[in-house]
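# Observations on the three-dimensional arrangement
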Amino acid sequence: MHGEVTLYDAVGGMPFFEALVDRFYDGVRDDSVLLPLYPEPEDLAPARHKLTLFLAQYWGGPTTYHEERGHPALRMRHAPFAIGTDERDRWLFHMRAAVDALDPPPEVAKALTDYFDMAADSLRNQPV
């Protein structure tokens, strides 16, 4: 990947992903649809940590997520949780709001939201 700038590098690295995930979970913390899905709703720090590392790695950053947790296996990791259309839509609402709040360059915002749209829909495991 010599000469190519990753999205991770383009946004300034880990601080961007930490801020993105913090904004996202600030919304989740008060969301009556999403919060019950978390195994430890009173302490979202572990979820924040995992999502930050996953997103940083996905977008070209350090491989800490893989080192700590192995292959992402997102569908398998989310299978125990009932994720329907409402949960998907609420997740996307908070993630899009987090992206908007950070106001990245338009091409970065589009890459992020395109990925989040695809990922959120692929994790849905309940009928419409």
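Below you will find a few notes about this structure. (Residues numbered from 1 in each chain as written. Predicted model: local features only at pLDDT ≥ 70, side-chain atom pairs only at ≥ 80, totals over all residues. Heavy atoms only, no water.)

## A word on the overall build of the protein chain
For the protein chain, the helix and strand inventory stands at seven helices and zero strands. Helices (α) and strands (β) of the protein chain occur, in sequence order from the N terminus, as α-α-α-α-α-α-α. By the compact-globule yardstick of 14 Å for 128 residues, the protein chain fits well, its C-alpha radius of gyration being 14 Å. Taking the principal axes of its C-alpha atoms as reference, the protein chain extends roughly 45 × 30 × 30 Å. Residues counted as buried form 41% of the 128 residues belonging to the protein chain. Here the protein chain has roughly 7300 Å² of accessible surface; of this, 55% comes from carbon and sulfur atoms. Each charge sign in the protein chain was given a centre, from 12 positive and 21 negative side chains, and these centres are 5 Å apart. (Helix = DSSP H or I, 4+ residues; strand = E, 2+ residues; numbered from the N terminus. Rg over C-alpha atoms; globule rule 2.2 N^0.38 Å. Buried < 20%, exposed > 50% of the residue type's maximum accessible area, 1.4 Å probe, protein only. Areas by Shrake-Rupley, 256 points an atom, 1.4 Å probe, with all protein chains shown as cover. Lys, Arg positive; Asp, Glu negative; His and termini not counted. Charge placed at Lys NZ, Arg CZ, Asp CG, Glu CD.)

## Thoughts on the environment of Glu 18
Relative to the elements of secondary structure, Glu 18 occurs in helix H2 (residues 14–28). Residue classification places Glu 18 among the partly exposed residues on the basis of a relative accessible area of 39%. In sequence terms Glu 18 and Asp 117 are 99 residues apart; their C-alpha atoms lie 20 Å from each other.

## Considering the environment of Arg 23
Within the secondary structure, Arg 23 sits in helix H2. Classification of Arg 23 as partly exposed rests on a relative accessible area of 45%. When residues no more than four places from it in sequence are discounted, the contact partners of Arg 23 are Ala 98, Ala 101 and Leu 102. (Contact = heavy atoms within 4.5 Å.)

## Examining helix H3 (residues 45–58)
Two residues of an α-helix separated by three or four positions point the same way, owing to the 3.6 residues in each turn. The terminal C-alpha atoms of H3 lie 20 Å apart, and with 14 residues this matches the ideal 20 Å at 1.5 Å per residue to within 8%. Among the residues of H3, Ala 47, Arg 48, Leu 51, Thr 52, Leu 53, Phe 54, Leu 55, Ala 56 and Gln 57 are the ones counted as buried. One or two residues past the end of H3 sits Gly 60, with phi positive at roughly 105 degrees. (Expected span 1.5 Å × (residues − 1).)

## Regarding the pattern of salt bridges
Taken as a whole, this structure holds nine salt bridges when the rule is applied. As a salt-bridge pair, Asp 22 and Arg 48 come within 3.0 Å of each other at their nearest N and O atoms. Separated by 26 residues along the polypeptide, Asp 22 in helix H2 and Arg 48 in helix H3 bring together distant segments of the chain. Overall, the relative accessible area of 18% leaves Arg 48 in the buried class. Taking the shortest distance from any N to any O, the salt bridge between Asp 114 and Lys 110 comes out at 2.6 Å. Of the two residues, Asp 114 and Lys 110 are both situated in helix H7 (residues 106–122); the distance of four residues between them amounts to about one turn of the helix. A relative accessible area of 38% means that Asp 114 is categorised as partly exposed. Members of the salt-bridge network, linked through shared partners, are Asp 22, Asp 26, Arg 29 and Arg 48. (Salt bridge = Lys/Arg side-chain N within 4 Å of Asp/Glu carboxyl O.)

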